[in-house]
Amino acid sequence: PPADLTAQDFEILEDGTPQKIEQFRLIKVTGNPEIGDAPARQIRSRYDEETEAARDDVRMFVIFFDDYHTRVGSALAVKGPLTRFVQTQLGPNDLVAVMYPLTPLDGISVTRNHRSVISAIQNFEGRKFRYDPRNDFEAQYANYPTEVVERIRNEVVMTALRGLASRLGSLREGRKAIIFVSEGFTTMLPPQMRNPIATLPGIGNPNARDPFAGENNSREETAMVFSTADLMSQMRDVWDAANRNNAAIYSLDRRGLAGSEFGIEGNISMKTGAKYLQARQDSPRTLSRETDGRATLNSNDLSKGLAQVVRDSSAYYLIGYNSSEAPNDGKFHEIKVRVKRSGVDVRARKGYWA
């Protein structure tokens, strides 16, 4: 990235109207202490956490394990790349945290103890399509229909992501990276998986043994369109919170080049599986695109995507302005950022909801 740009090299437009740049800083960090600096301070208290996170020479990463939407095999496969990421890409100054959908916000602790982070990575277990309750909260809806449980899981994850973005925003203004390990939110389930009781698969479901149930059904197609639109509407609150708090979401799906959303045990046709796979992958791809992150999908090599996370957090321009219109209409307002110097590409947030 070019390190010699000035505020005069940038042009910002909100809804087509030029804006006056009032804050401008180049943030450039490596994660390593400068020569002569004291060793990185260990995080032993909330005060340490807040003090260190506010420094400009510190990068912050959170690994969000969406166990509700990651199958067992994918969870096993992602441990190696994430462990190497922590061992080789992160520096002594970097702050890291690990979070699950049900982790309370006051339970998120950033650390420089990379061994503890690697230990947490090794303990990650995927639970996609597995509905056995693990705690009192999950036990409350264990006997609900499968589709209801999946909707609850979507809501839990999205609420957690919104809360995480706000928590990170309270720690620092600079860029924060959320590594979102997930195979995507559930839009809807095929008829073969619409069980009356989630913990009793196949029981009471007349379509459980028919691999072609719902295929070429116009009602199923219409329901998929509406459920996808509803999901995207809910996700808007997530990327709005992330943008407001300068948190970029980098989605990570370790399935590789998959051909179907379901395994052979699901007894679902390949055509239906491919349709549901595309719908699933659209959600993490959209989250990353709308928050200036990147989505690593359909690839067995996660190292490039993880390296991108570090690069984006190592050098960027932090630019601020006060909107000339100061809208309060609840609508989306487009932001365009241009660089006047030729041969330079710019990535920036696309706008905000007033």
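Rules used throughout
- Residues numbered from 1 in each chain as written.
- Predicted model: local features only at pLDDT ≥ 70, side-chain atom pairs only at ≥ 80, totals over all residues.
- Heavy atoms only, no water.
- Buried < 20%, exposed > 50% of the residue type's maximum accessible area, 1.4 Å probe, protein only.
- Helix = DSSP H or I, 4+ residues; strand = E, 2+ residues; numbered from the N terminus.
- Pairing = 2+ DSSP bridges.
- Right-handed = clockwise from strand over helix to strand, strands pointing away.
- Axes fitted to C-alpha atoms, helices over the stretch in contact; angles between N-to-C directions.

Enquirer: Mind showing me how you'd approach the pairing of strand 7 (residues 247-252) here?
Expert: In the case of a regular strand, side chains alternate between the two sheet surfaces. Among the 6 residues that make up strand 7, 6 are buried, leaving the element largely enclosed by the rest of the structure. Residues of strand 7 alternate between two faces, with Ala247, Ile249 and Ser251 on one and Ala248, Tyr250 and Leu252 on the opposite face, all of them buried. Relative to strand 7, strand 6 (residues 176-181) is paired through 6 bridges, and the arrangement is parallel. Bridging from a neighbouring strand, phenylalanine 180 pairs with serine 251 of strand 7. Taken together, strand 6, helix 6 (residues 218-244) and strand 7 constitute a β-α-β crossover, and its handedness is right-handed. As paired elements, strand 7 and strand 8 (residues 295-296) share 2 bridges and run parallel to each other. Residue pairing for strand 8: leucine 252 is matched across the bridge by threonine 296.

Enquirer: Before we go on, may I ask you to explain the sheet that holds strand 8 in this structure?
Expert: Whenever strands of a sheet pair, they do so through backbone hydrogen bonds, lying parallel or antiparallel. Here 5 strands make up an open sheet; going across it, the order is 5-4-6-7-8 and the pairing parallel. With one partner strand each, in any of the chains shown, strand 5 (95-99) and strand 8 form the two edges of the open sheet.

Enquirer: So what exactly am I meant to see when it comes to the sheet that holds strand 1 (residues 10-14) here?
Expert: Read across the open sheet, the 4 strands follow the order 2-1-10-11; overall the sheet is antiparallel. Bordering the open sheet on either side are strand 2 (17-19) and strand 11 (351-353), each of which pairs with just one other strand. Within this sheet the neighbouring strands show an average axis-to-axis angle of 30 degrees, counted without direction. Sheet topology places strand 1 next to strand 10 (residues 332-339); 5 bridges connect them, and they run antiparallel. Its bridge partner lying in strand 10, isoleucine 12 is registered against valine 337.

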